[in-house]
Amino acid sequence: MKAKEYYYEYIAPEEGGKSYQELQAIDMKSRFGYVSADSVGKNFTPRYSNDFLLDYLIEDFARNADASLQNRLENIFVAKRFNKVPNARAKGSKKDYEGDLIFFQVGLSDACFQYAILLSNFQYMKAYLKDYGINHPKSLEQVSVFQDKLIKLSNAQKRWSSYWDFIQIEKDFNLIEGSQSEQEERAAEIALLTDRFILGHEIAHHLLGHTGNYDIGKGYIELLPDNCKLWHKSDSVHAKEFQADALSLLMTCNATKELSNHQDRENPKTGSALGALLTLTVLGQLAGDIHKPTRTHPKVAVRYKQAMHILVELTYHGFLIHIFEDFLSFHKLLHTTQNRGFTGDIDDLFKD
Ligand SMILES: [Zn+2]
């Protein structure tokens, strides 16, 4: 029995083969601006996931993978579930089904979406300030939109602090207010990139043999230079997280095809950097202290540092510097309002 069949027969028979979007009655237009609602619903038959977008992302990973990786990816099923499974970490039992069955952490993904909206506003605000100067009415409007959302998100963040394994944000919380459609479209693109990194990380745990299936992942990540392999310096539980981050970055960067076929704004490597750094930023804001490891996860600051090293190794330096700098400014603004997470100070980031 395949992982997908096992999921629908034994774990979630109540879903009746329906998509996550259909079951949760999610309005695709508000959550993912440019994805046509018609393409979900009845036309979507789950293959790699019960979630329309995850299905699409896995197909994309598989299409851009080499033959052995492709074979493993073809037999994955990722189940997105609302608040039933407290963690995206997967179940794996070689006895019950073939392939890999993975649960996707919806709480982290949802939190990342809200931060993606803020990051999108931040990018627009910066562009307006650069083009029109600080006193222009258009710039002032962008600054005001950004400030409002920053404060709204920071107030919400106080409620969201997580115990790592379980993040749940209010279902009706949404920074999108329906008036800035271009910026929302940009936010939806960024959210797809954070989902891509999170998904890559969870798939990587399986490919690396962390969940009981055989390991085909280590061969890829061990080729990286030493400053990108922080798992060699940590205990075996934390090592797995560094490895999963590394393999996720390799999968998201190596994608040779466009991430989405409707536009080509995003180079896969730029996208990979944005997705990874924003996800780790959100984990930092949720954790509060980026220099404090937990039993299951290493310090967020050190995961961020490793991600930066790998991105430098895999991509062109030029645009990365801009992304790194953008995130430092973004972190500074978050820290001003939240007084937790990343500080925006490069020395603080690298002190561990
Ligand atoms: Zn993990």
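None of the values given here were measured: they were computed from a predicted structure.

**So, the overall build of the protein**
Link 1 in the chain: Summing up its helical and strand segments, the protein has 14 helices and 2 strands in all.
Link 2 in the chain: Taking all 352 residues of the protein together, 43% fall into the buried category.

**Let's talk about the environment of Lys240**
Link 1 in the chain: Inspection of the secondary structure assignment puts Lys240 in helix H10 (residues 236-254).
Link 2 in the chain: Overall, Lys240 belongs to the buried group, with 21 C-beta atoms counted inside 10 Å.
Link 3 in the chain: Distance in space between the C-alpha atoms of Lys240 and Leu208 is 8.4 Å, their sequence separation being 32 residues.
Link 4 in the chain: Setting aside its immediate chain neighbours within four residues, Lys240 contacts His205 and His210.

**Concerning the pairing of strand S2 (residues 100-104)**
Link 1 in the chain: The element S2 is extensively covered by neighbouring structure, given that 5 of its 5 residues are classed as buried.
Link 2 in the chain: What you see with S2 is no split at all: Asp100, Ile102 and Phe104 on one side and Leu101 and Phe103 on the other are buried throughout.

**Here's the deal with the packing of helix H11 (residues 268-287) against helix H12 (residues 300-314)**
Link 1 in the chain: It is at 10 Å that the axes of H11 and H12 come closest, and there the two elements cross at 175°. By the angle class used here, H11 and H12 are roughly antiparallel. Contact with H11, carried on its side by Lys269, Ala273, Ala276, Leu277, Leu280, Leu283, Gly284 and Ala287, involves Val300, Arg303, Tyr304, Ala307, Leu311 and Leu314 of H12 and no other residues of that element.

**Some remarks on H12**
Link 1 in the chain: Relative to the 21 Å expected for 15 residues at 1.5 Å per residue, H12 spans 21 Å between its end C-alpha atoms, a close match to the ideal helical length.
Link 2 in the chain: Those residues of H12 that fall on the buried side of the exposure criterion are Val300, Ala301, Val302, Arg303, Tyr304, Gln306, Ala307, Met308, Ile310 and Leu311.

**Notes on the environment of Tyr304**
Link 1 in the chain: Within the fold, Tyr304 resides in helix H12.
Link 2 in the chain: Taking the C-beta count within 10 Å as the criterion, Tyr304 has 24 such neighbours and is therefore assigned buried.
Link 3 in the chain: Put simply, Tyr304 and Ile290 are 14 residues apart on the chain and 9.5 Å apart in space, counted from C-alpha to C-alpha.
Link 4 in the chain: Dropping the residues within four chain positions of it, Tyr304 is found in contact with Leu280 and Leu349.

**Notes on the confidence of the model for the protein**
Link 1 in the chain: Summarising the model, the protein shows a mean pLDDT of 85, and 84% of its residues fall at 70 or more.
Link 2 in the chain: Of all secondary-structure elements in the protein, the lowest mean pLDDT belongs to helix H3 (residues 28-31), at 49, while H12 reaches the highest, 95.
Link 3 in the chain: Confidence drops under a pLDDT of 50 for residues 32-38, and excluding neighbours within four residues, the segment shows 11 contacts in the predicted structure.
Link 4 in the chain: Segment residues 255-265 is flagged for pLDDT under 50; beyond a separation of four residues in sequence, or across chains, it makes 12 contacts in the model.

**Some remarks on the pairing of strand S1 (residues 76-80)**
Link 1 in the chain: Judged by how many residues are buried, S1 sits mostly within the fold: 5 of 5 residues are covered.
Link 2 in the chain: Where burial is concerned, the two faces of S1 agree: the one with Ile76, Val78 and Lys80 and the one with Phe77 and Ala79 are both buried.
Link 3 in the chain: Both S1 and S2 contribute to a ladder of 5 bridges, which runs parallel. By the bridge assignment, Lys80 is partnered in S2 with Phe104.

Conventions and cut-offs
Residues numbered from 1 in each chain as written. Predicted model: local features only at pLDDT ≥ 70, side-chain atom pairs only at ≥ 80, totals over all residues. Helix = DSSP H or I, 4+ residues; strand = E, 2+ residues; numbered from the N terminus. Buried ≥ 20, exposed ≤ 12 C-beta atoms within 10 Å, placed from the backbone. Contact = placed C-beta atoms within 7 Å. Axes fitted to C-alpha atoms, helices over the stretch in contact; angles between N-to-C directions. Parallel < 35°, antiparallel > 145°, perpendicular 65-115°, else oblique. Expected span 1.5 Å × (residues − 1). pLDDT = per-residue confidence, 0-100. Pairing = 2+ DSSP bridges.

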